[in-house]
Amino acid sequence: MRQITALQVLQGNATTAGALPFVATHPDVFADLPLTFDDLSKTVDEIVTVPFVRNFIDLMCIFCGFPAKGAMTAHILYILERFFEEDAAFSVPVGGTSQLGETIQRGLEKFGGKLQLNADVDEILVEDGRAVGVRLKNGNVVKARKAVVSNATPFDTVKLMPQQEGEAKALTKWRNDLGTLPRHGAISHLFLGVDAEGLDLSFIDDPAHLVVQDWDRSMQDSQNLCSFFIPSLLDKSVCPEGKHVIHVYSSGGEPYEPWEKLDQGSPEYEAYKKERVEILFKAVERCIPDIRDRLEFSIIGSPLAHEAFLRRDRGT
């Protein structure tokens, strides 16, 4: 099929530029190139009939934030090629993820920037259709010399934008359109600190693992697909000697609706947290059967916690 030919062209080349020599000598693939910028599920529905392969493609799509429905075909083609290279590796910052933020802060301050913490933004100030600053929840106003940049999700950013009519109808339309973009589901996390005395993990050749309970079930089912990562296998500086730290998380398909009915800190909330992360414990137990006996520290990150502390709309 011509569709397969086009996919193979782009899968064999990391970028569109890399594919140009082949495309130039095989002009017949031009008709299929639009597929690479379309919804992947359309391509999958046309050429993939084996349920296992369809689920596997959904599994790979998790790395770009969506299942096949909602992911651009080009994303998964790039991922698939890179994912299976012999020297592919799971990259993490030495010293833990906090090093990313601290490095960015050093760069910001090096060039005259200032980082202000505990400064909740209440509203993005807009004049003549242009963002000119922000108003903080304490009432203070911070004016922008050039631009206002938001690194919040689109769904959180639109909450800060004013509803305006008249000359700003274009802004209001952009605001409303942005708020209806497709979003990934919520997610649950486990952060564990364990006693490593007598624990032999030499059989593990990769500190990162994906655990699928049932390949016939959806990869978007948060009770089916789990991941865990043991960074202390690579970097001893992230925890005390004789310990290990483990990050466990579900696929991004955790239903938010049951969570939003609960009050954080209530007995019902605490019980539901334990119920939903039981599958995460079981995933780690495949590697460390006595993980619960070794526990010295644990935190459950629920969708409500993400929403409250990370400002992630609906815990995404």
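An account of the accompanying structure is given in this report. This structure is a prediction, so every number in the text was calculated from the model and none was measured.

With respect to the sheet that holds strand 2 (residues 130–136)
So, step 1. With respect to topology, three strands assemble into an open sheet ordered 1-2-3, the strand pairing being antiparallel. Taken across any chain shown, the strands that pair with only one partner, and hence form the sheet edges, are strand 1 (121–127) and strand 3 (141–143). Across this sheet, the average inter-strand angle for adjacent strands is 30°, counted without regard to direction.
So, step 2. Judged from the three bridges that link them, strand 2 and strand 3 form a sheet pairing that is antiparallel. Along strand 3, the bridge assignment pairs R135 with V141.

Some remarks on the packing of aromatic side chains
How two aromatic rings sit relative to each other is set out by the distance from centre to centre and by the angle between their planes.
So, step 1. The final tally for this structure, using the stated rule, is three aromatic pairs.
So, step 2. Ring plane angle 45° and centroid distance 4.9 Å describe the contact between F52 and W215, whose orientation is recorded as tilted. Residue F52 is located in helix 4 (residues 51–61), and its partner W215 is located in the loop between strand 5 (208–212) and strand 6 (225–229); the two are separated by 163 residues in the primary sequence.
So, step 3. Seen in terms of ring centroids, W259 and Y269 are 6.0 Å apart; in terms of plane orientation they differ by 75°. Their pairing is edge-to-face. Here Y269 lies in helix 10 (residues 267–285) and W259 lies in helix 9 (residues 257–260), a separation of 10 residues in the sequence. Like W259, the residue Y269 is buried in the burial classification.
So, step 4. The structure contains a cluster of three or more aromatic residues connected by ring pairs, namely W259, Y269 and Y272.

Description of the pattern of salt bridges
So, step 1. Taken as a whole, this structure holds 14 salt bridges when the rule is applied.
So, step 2. Residue E257 pairs with R314 through a salt bridge whose shortest N-O separation is 2.8 Å. Residue E257 is found in helix 9, and its partner R314 is found in the segment after helix 12 (303–309); the two are separated by 57 residues along the sequence.
So, step 3. A residue is classified by how much of its surface remains accessible, and E257, at 39% relative accessible area, is partly exposed.
So, step 4. R314 gets classed as partly exposed once you look at its relative accessible area, which sits at 26%.

Remarks on the sheet that holds strand 4 (residues 189–195)
So, step 1. Overall, antiparallel pairing links the five strands, which are arranged 5-6-7-4-8 in an open sheet. At either margin of the open sheet sits one strand with a lone partner, and together these are strand 5 and strand 8 (295–301). For this sheet, the mean angle separating the axes of adjacent strands, direction not counted, is 15°.
So, step 2. Alignment of strand 4 against strand 8, held across six bridges, turns out to be antiparallel. Opposite V194, over in strand 8, you have L295 as the bridge partner.
So, step 3. Helix-sheet contacts for helix 10 involve strand 4, strand 5, strand 6, strand 7 (243–250) and strand 8, and the interaxial angle to strand 4 is about 55°.

Cut-offs used in this document
- Here the residue index of a chain counts from 1 through its sequence in written order.
- Only residues with pLDDT of at least 70 get local features here, since the model is predicted, and only at 80 or more are side-chain atom pairs given and counted; chain-wide, interface and lining totals rely on the full set of residues.
- Remark: hydrogens and water are excluded; side-chain values derive from all non-hydrogen atoms of the structure.
- A strand pair is defined by DSSP finding two or more bridges across the two strands.
- Elements are defined by DSSP. Helices are runs of H or I of four residues or more, strands are runs of E of two residues or more, and each kind is numbered from the N terminus.
- Axis lines are fitted to C-alpha atoms, over the contacting stretch for helices. Their N-to-C directions set the angle, which ranges from 0 to 180 degrees.
- Aromatic pairs are defined between Phe, Tyr and Trp rings, using the six-membered ring for Trp, whenever the two ring centres lie within 6.5 Å; interplanar angles under 30 degrees are classed as stacked, those over 60 as edge-to-face, and all others as tilted.
- Burial classification: accessible surface area is computed with a 1.4 Å probe over protein chains only, and a residue below 20% of its type maximum counts as buried, one above 50% as exposed, and the rest as partly exposed.
- Each reported salt bridge corresponds to a side-chain nitrogen of Lys or Arg within 4 Å of a carboxyl oxygen of Asp or Glu.
- Any two residues whose heavy atoms approach within 4.5 Å are treated as being in contact.

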